[in-house]
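Summary of the model geometry
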Amino acid sequence: MEEKNMKKATIRDVAKAAGVSQSTVSRVLNNNGYVGEDARRRVEEAMEALHYSPSAIAVCLSKSRSRMIGVIVPQIFAPFFSQMYYIADRIMERYGYRLLLCNSDESLKREKELIDDLLSYKIAALLIVPVDGDEGSNKAYLDHIRSTGTPVVCVDREIEGIHCDGVYIDNYTACYEVTKDVLARGYRNIAYMADPPIYGPGRDRLRGFRDACKEFGVTVPEENIFLAPIEDTKPLNAFLHDVARRDVPPKAIINFVRGWDYTMLQALHSAGLRVPEDVYLTGLDDDNTLPNFGYSMQYLPSTIDFSETAAKLLIERVEAGNALPEPERRIFTTHMKPVFERKVTLPKPDAAPTETDEREVKYIKAK
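A quick note: this is a predicted structure, and the numbers were derived from the prediction, not measured.

Looking only at helices and strands, the chain has twelve helices and 16 strands in total. Look at the contacts in the chain between residues 6 or more apart in sequence, and 72% of them connect residues 24 or more apart. Of the roughly 18,500 Å² of accessible surface on the chain, 50% is carried by carbon and sulfur atoms.

Right, let's talk about the sheet that holds strand E10 (residues 252-256) for a bit. Strand order across the open sheet formed by four strands is E9-E8-E10-E11, with parallel pairing between neighbours. Sheet topology places strand E9 (225-227) and strand E11 (280-283) at the edges, where each strand pairs with a single neighbour. Strand-to-strand twist across the sheet, computed as the mean angle between neighbouring axes with direction ignored, equals 15°. Sheet topology note: the strand E8 (residues 190-194)/E9 ladder contains three bridges and is parallel. Bridge pairing in E9 places Met193 opposite Phe226. The strands touched by helix H8 (residues 171-184) are E8, E10 and E11; relative to E10, the strand with the most contacts, the crossing angle is about 175°.

Let us look at the nonpolar core. Among the nonpolar cores identified, the biggest contains 46 residues, and Ile190, Tyr192, Met193, Phe209, Phe256 and Leu281 are the most heavily contacted of them. Residues contacting Ile190, with those up to four places away along its chain left out, are Val182, Leu183, Phe209, Val220, Asn224, Pro250, Ala252 and Ile254. Counting 29 residues, the second largest nonpolar core, distinct from the first, contains Tyr97, Leu99, Val153 and Val318.

As summarised here, the arrangement of the six strands in space is E2-E1-E3-E6-E7-E13, forming an open sheet in which the pairing is parallel. Each edge of the open sheet is held by one strand with a lone partner, namely strand E2 (98-103) and strand E13 (329-333). Ignoring which end each strand starts from, the neighbouring axes of this sheet average 15° apart. In this structure, strand E1 (residues 68-73) lies alongside strand E3 (residues 125-128), joined through four bridges in parallel fashion. In the sheet register, Ile69 faces E3, and the bridge partner there is Ala125. The strands touched by helix H7 (residues 139-147) are E3, strand E6 (152-156) and strand E7 (165-170); relative to E6, the strand with the most contacts, the crossing angle is about 140°. The sheet strands contacting helix H12 (residues 303-319) are E1, E3, E6, E7 and E13, and the helix crosses E7 at an angle near 170°.

Let us look at the packing of H8 against helix H9 (residues 200-215). Where H8 meets H9, the closest approach of the two axes is 7 Å, and the angle between their N-to-C directions is 35°. Pair H8 / H9 crosses with right-handed handedness. Residues Asn171, Tyr172, Cys175, Tyr176, Thr179, Lys180 and Leu183 of H8 form the contact with H9, whose own contacting residues are Pro201, Asp204, Arg205, Arg207, Gly208, Phe209, Asp211, Ala212, Cys213 and Glu215. Here the residues of the contact of H8 with H9 are counted per class, giving eight nonpolar, three polar and six charged.

A separate point is the packing of aromatic side chains. If you walk through the whole model with that rule in mind, you get nine aromatic pairs. Pairing Phe80 with Phe81 gives two aromatic rings, centres 5.5 Å apart and planes at 70°, and the pair type is edge-to-face. Every member of this aromatic cluster is reached through a ring pair, and the members are Phe80, Phe81, Phe306 and Phe332. Lying over the aromatic face of Tyr97, Arg67 brings its terminal NZ or CZ to 4.0 Å of the ring centre. The side chain of Arg157 reaches across the aromatic face of Tyr199, ending 4.1 Å from its centre.

Oppositely charged side chains may form a pair once their charged atoms are brought near each other. Inspection of every chain in the model, using the stated rule, returns 25 salt bridges. One salt bridge connects Asp204 with Arg207, and the closest N-O pair in it is separated by 3.7 Å. Here Asp204 pairs with Arg207, and both are found in helix H9, just three residues apart, close to one helical turn. Via salt bridges that share partners, Arg146, Asp165, Glu316, Arg317, Glu328 and Arg330 belong to a single interconnected network.

The next subject is helix H11 (residues 261-270). Inspection of H11 places Asp261, Thr263, Met264, Ala267 and Leu268 among the buried residues, and these make up the whole buried set. Along its buried surface, H11 packs onto E8, helix H10 (233-244), E10 and E11. A positive backbone phi angle near 80° is found at Gly272, which sits one or two residues after H11.

Within the element layout of this structure, Asp143 appears in helix H7. Given a relative accessible area of 16%, Asp143 falls into the buried group. Excluding residues within four positions of it along the chain, Asp143 makes contact with Gly161, Ile162, His163 and Cys164.

For H8, with 14 residues, the first-to-last C-alpha span of 20 Å sits near the 20 Å given by 1.5 Å per residue. Summarising burial for H8: twelve of the 14 residues are buried, a large majority. Along H8, the residues that are buried comprise Asn171, Tyr172, Thr173, Ala174, Cys175, Tyr176, Val178, Thr179, Asp181, Val182, Leu183 and Ala184. Of the residues trailing H8, Gly186 is marked for its positive phi of about 95°.

Within the fold, Thr282 resides in strand E11. Leaving out residues up to four positions away in the same chain, Thr282 has contacts with Val178, Val182, Ile253, Ile254, Asn255 and Met297.

Along the chain, Arg27 falls in helix H2 (residues 22-30). Distance from Arg27 to Arg40, taken between C-alpha atoms, is 9.2 Å for residues 13 residues apart in sequence.

Reading guide: rules and limits
- Residues numbered from 1 in each chain as written.
- Predicted model: local features only at pLDDT ≥ 70, side-chain atom pairs only at ≥ 80, totals over all residues.
- Heavy atoms only, no water.
- Helix = DSSP H or I, 4+ residues; strand = E, 2+ residues; numbered from the N terminus.
- Contact = heavy atoms within 4.5 Å.
- Areas by Shrake-Rupley, 256 points an atom, 1.4 Å probe, with all protein chains shown as cover.
- Pairing = 2+ DSSP bridges.
- Axes fitted to C-alpha atoms, helices over the stretch in contact; angles between N-to-C directions.
- Core = buried A, V, L, I, M, F, W, Y, C linked by side-chain atoms within 4.5 Å.
- Buried < 20%, exposed > 50% of the residue type's maximum accessible area, 1.4 Å probe, protein only.
- Left-handed = near helix turned anticlockwise from the far one by under 90°.
- Nonpolar A, V, L, I, M, F, W, Y, C, P; charged D, E, K, R; others polar.
- Phe/Tyr/Trp six-rings, centres within 6.5 Å; stacked < 30°, edge-to-face > 60°.
- Lys NZ or Arg CZ within 6 Å of the ring centre and 35° of its normal.
- Salt bridge = Lys/Arg side-chain N within 4 Å of Asp/Glu carboxyl O.
- Expected span 1.5 Å × (residues − 1).

Now the structure itself:
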């Protein structure tokens, strides 16, 4: 009977079984240097017989670059980032690369430490959603890493003046279009939720929201605007429950906080409000819950398109070797609009609606 705690074979054991030196075994493992066919065969047979599995870390350290790609995101739990990672991982697998996922938690210091850790494993490239807020950014360090020949592709957030490849989203247009749609339906008592403007996406979304309001001559009171990170759950819950329980709650809520769906619906339901008859929800719908209420949010381009572009650009840079071309800046212009899948009833407008594309929408009559 085989022992449960059988000792793991080492490179020394393989060398002894094959009748060769440890350096010969190392050359076979790394495919580096001359090894005779007979010696190579004996080493491979010994490894198979001993069930020898080389240390991935040791193999990485013995080479100038590994087959690992580092990925750093600010919030692993955010649906957009987890989906981006999944798609990138599937693409990288086709080329024989593995991803190492890290979470910076929006900390500049932690991001720097994670980058150092990944570089110690001699990663082939770095895919990063960089921290860029009140603390500043690691722009100079990322530029330096690229200058040494390690590809760096930034996604989602653009650091001003950075000299690295980047794939970014035009957050302004999507938020502008959604806000304009709400105002065109005649809603004036509205609420707005989004990430804080300390990050590029938050700034662009807020600008799109304010520009659409300005176009319609609408001023949204500050108490109807919530700008805080998704992980700041207590203020978010407090805001949602406050607006839901007001004597006159907002008739439309525009949301650009990722992963909002369940919390939003819970707050509205606890206040006895219906979706969309009492409150029309629009904006990001990461959990895909709005189809349950007869409509959905069409977001173009999709997360799949965006993630595939970032992953393929990264592969291009890895395959280019140390002679990296000048960095590229790829911008995805985004569009977002509601698509009504069946007849739905929306709240009574505060003002006369302008023309919309939908033919299957009706509004609650004034009581």
